[in-house]
Amino acid sequence: MIPVTAITQSLSGLAWRWRGGNMDMSEGSSFGRLDDLVDQLLLARGVERSDLERHRRPTLRDFLPDPSIFQDMDTAAARLADAVTKREAIAVYGDYDVDGATSAALLIRFLAGLGTPARPYIPDRLLEGYGPSAEGLVKLAREGAQLIVTVDCGAMAYEALAAARAEGVDVIVVDHHKCNAELPSATALVNPNRLDESDEAASHGHMAAVGVTFLLAVATLRELRARGVLGPRDGPDLMGLLDLVALGTVADVAQIRGINRAFVAQGLKIMARRANTGLAALIDASRLTRAPTCSDLGFALGPRINAAGRIGDSGLGVRLLTTADAEEARTIAARLSELNDERRAIEQAVQEAAEAQVDAQHNRSVVVVHGRGWHPGVIGIVAGRIKEKTGKPTLVIAEDGDAEGNGKGSGRSIPGVDLGAAIIAARASGLLIAGGGHAMACGLTIAPGGAEGLADWLDERLARDVAAARQGQSLLLDLSLAPGGLTPDLIERLEAAGPFGMGWPGPRIAVGPVRLIKCDLVGTDHVRMIAGGTDGRSFKGIAFRAAETPMGQALLHGSRGRMLWLAGRAKIDDWGSRPAAELHVEDAAFAD
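The sections below set out a description of the structure shown in this document. The shown structure was predicted, so the numbers you read here are calculated from the model rather than taken from an experiment.

**Remarks on the packing of helix α9 (residues 209-226) against helix α10 (residues 242-251)**
In a pair of packed helices, the angle between the axes and the distance between the axes together describe the arrangement. Two elements in contact, α9 and α10, have axes whose closest approach is 8 Å; the angle formed by their N-to-C orientations is 155°. With respect to α10, the element α9 is oriented roughly antiparallel. Of the residues in α10, those in contact with Val-210, Gly-211 and Phe-214 of α9 are Leu-242, Leu-244, Val-245, Gly-248 and Thr-249. Its residues assigned to classes, the contact of α9 with α10 comprises five nonpolar, three polar and no charged.

**Observations concerning the packing of helix α17 (residues 419-428) against helix α18 (residues 451-471)**
Running from N to C, α17 and α18 point in directions that differ by 125°, and their axes come no closer than 11 Å. Taken together, the axes of α17 and α18 are oblique relative to one another. Classified by chirality, the crossing of α18 by α17 is right-handed. Facing α17, whose interface residues are Leu-419, Ala-421, Ala-422, Ile-423, Ala-425 and Ala-426, α18 presents Leu-454, Trp-457, Leu-458, Arg-461 and Leu-462. Here the contact of α17 with α18 is built from residues that sort into 10 nonpolar, no polar and one charged.

**Remarks on the packing of aromatic side chains**
The tally for this structure, following the rule as stated, stands at two aromatic pairs. Ring geometry for Phe-214 against Phe-263: centres 5.6 Å apart, planes inclined by 75°, an arrangement best described as edge-to-face. Of the two residues, Phe-214 sits in helix α9 while Phe-263 sits in helix α11 (residues 259-272), which places them 49 residues apart along the sequence. The ring of Phe-63 is capped by Arg-54, whose NZ or CZ atom sits 4.1 Å from the centre of that ring.

**Things to note about the pairing of strand β4 (residues 118-121)**
Sheet analysis places strand β3 (residues 90-94) next to β4, joined by four bridges and oriented parallel. By the bridge assignment for β4, Ala-91 is matched with Arg-119. One crossover worth recording links β3 to the parallel β4 by way of helix α5 (residues 98-113), and it is right-handed.

**A short note on the side chain of Asn-260**
Its location among the elements puts Asn-260 in helix α11. The exposure class assigned to Asn-260 is buried, which follows from its relative accessible area of 0%. Ignoring sequence-local partners within four residues, the contact set of Asn-260 consists of His-206, Met-207, Ala-208, Thr-249, Ala-254 and Gln-255.

**Considering helix α12 (residues 277-285)**
Within the span of α12, buried status applies to Gly-278, Leu-279, Ala-280, Ala-281, Leu-282 and Ile-283. The elements touched by buried residues of α12 are α10, α11, α13 (294-311), α14 (316-322) and α15 (326-358). One side-chain oxygen at the N-terminal end of α12 lies 3.0 Å from the backbone nitrogen of Gly-278; it belongs to Asn-276. Just past α12, the residue Arg-287 takes up positive phi, approximately 65°.

**Details of the pairing of strand β16 (residues 526-533)**
In this structure, strand β15 (residues 509-522) lies alongside β16, joined through eight bridges in antiparallel fashion. Among the inter-strand pairings, Asp-520 is bridged to a residue of β16, identified as Arg-528. The antiparallel pairing of β15 with β16 creates a hairpin that spans three residues between the two strands, and Gly-523 there sits at a positive phi of about 70°. A loop of four residues connects β16 with strand β17 (residues 538-543), the two strands running antiparallel in sequence, and Gly-536 in this loop sits at a positive phi of about 85°.

**Notes on the environment of Thr-445**
Examined against the element boundaries, Thr-445 turns out to sit in strand β12 (residues 441-446). For Thr-445, a relative accessible area of 9% gives the class buried. Along the primary structure Thr-445 and Arg-427 are separated by 18 residues, whereas in three dimensions their C-alpha atoms are 9.3 Å apart. Setting aside its immediate chain neighbours within four residues, Thr-445 contacts Asp-402, Asn-406, Gly-407, Lys-408, Leu-432, Ile-433 and Ala-434.

What counts, and at which threshold
Residues numbered from 1 in each chain as written. Predicted model: local features only at pLDDT ≥ 70, side-chain atom pairs only at ≥ 80, totals over all residues. Heavy atoms only, no water. Axes fitted to C-alpha atoms, helices over the stretch in contact; angles between N-to-C directions. Helix = DSSP H or I, 4+ residues; strand = E, 2+ residues; numbered from the N terminus. Parallel < 35°, antiparallel > 145°, perpendicular 65-115°, else oblique. Contact = heavy atoms within 4.5 Å. Nonpolar A, V, L, I, M, F, W, Y, C, P; charged D, E, K, R; others polar. Left-handed = near helix turned anticlockwise from the far one by under 90°. Phe/Tyr/Trp six-rings, centres within 6.5 Å; stacked < 30°, edge-to-face > 60°. Lys NZ or Arg CZ within 6 Å of the ring centre and 35° of its normal. Pairing = 2+ DSSP bridges. Right-handed = clockwise from strand over helix to strand, strands pointing away. Buried < 20%, exposed > 50% of the residue type's maximum accessible area, 1.4 Å probe, protein only. Polar contact = N/O pair within 3.5 Å; in protein donor to acceptor, adjacent residues only side chain to side chain.

Below you can see the structure in the form of structure tokens.
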């Protein structure tokens, strides 16, 4: 029988390796120290042994940086404090995705707690495009705004910010996207990814914009207390805003390490209290009957808010997250669910059209697909799906994506390939009208007919990086065990090392050796199975969107009677009368 660590080519073509140390709990193994499991998982994710205690229970007290380490933070806090004390008219200009909506909602709720109303402004994705527009900022200024705070956008908005300055309005930029060396003109530009940041500040560059916005709230509250405007214990409850920070962080696929682990771990606790009327309505609309988990933020709550910015009214997300009216919240949450269903149908059509082009690009290092009539609101999701299938950075471009007929593109990358930096360089080279992003995701605007030239340029620039990133691809395992070891108690222990997400991967386990007792197709392309081991125990498994993959075909048609290892994420199946453990299968390998 082939042991799990001897697998050099799985049914998906991958070698299997331990992420950290050998944690083999399968039959006949010596590892059985379940009480050491959390520490081993933390060590495998890069935590130093001396730092284990802090990471076992991540709290803000242990992880929150001093906001003043960031360039312009004190300037921004002082200007915002001035606006509060002088009762100035404040507008919050946010991006149309979840990070933008949660950032805007957090700042609006924070200011409301100080008795200062703020006006939200979320641009229309199709009519106004990404980022602050000159028209939008000037409109806000002429309608009376004395201070504008842009959140999750603005780091590259040179023309828009110049127009605002000419109009005589102050603008604070709060962002996390990559910056050029030359910054746009603003009263303050707070962004841990500024090139002139200190090493300490830059180490927090993985924060989503909502995390940076939270730090601005911390700094502003501190400034107001230092001025004597507030007493030492007066002011809004910042901890009560962490549910928004958690949602924006996870939905923006920010790395769940360092401060972000504390944000998400504590934010989930706040969310479970259902104090935010809008979030409570969204949880109900998502049909969650328990407190949300980290994966729920990314797959149930986040997509509903995103749907508004993709294909509907982009301001619905902020309205939901700032309302105190339960009936209004229920109405908006229901509408967001409807929009999410519409988004799925549109996405499927674009996905099919995009995948039809992929086979012709097998020699390219970066997949670039483009088409007319593709809805710009779903191209980011489609790019992510194609990236997962091909293992390559992917750009999806809607050729008639804006009112001027320019293409709107969205990209998703793989670890080790900085797609955001490449897009900024492409813009500097004249290949793009606009573009920016971060290492794992980007957005762009491109002139008609420019997609193929961009594809050639990216292929030449990133070929070496992509080859290096893909060369060592393997499936990393945290634990192997026999079917009898796959229990709800084990899953509870595994979850104690969370929260998990990008940059802090959930534990992947290998279960086996097993035979498939049953294996069939469910839905359009999911493979479900029942597997039994030599220990007499069995469990359910499912491989999502795997039917047409080599692994899925082998499980459905080529594994009858053979022994297998199944690898994936252990989850709780709570549909029955008693919770049971199941495996969400990501890969499989023959064991005989």
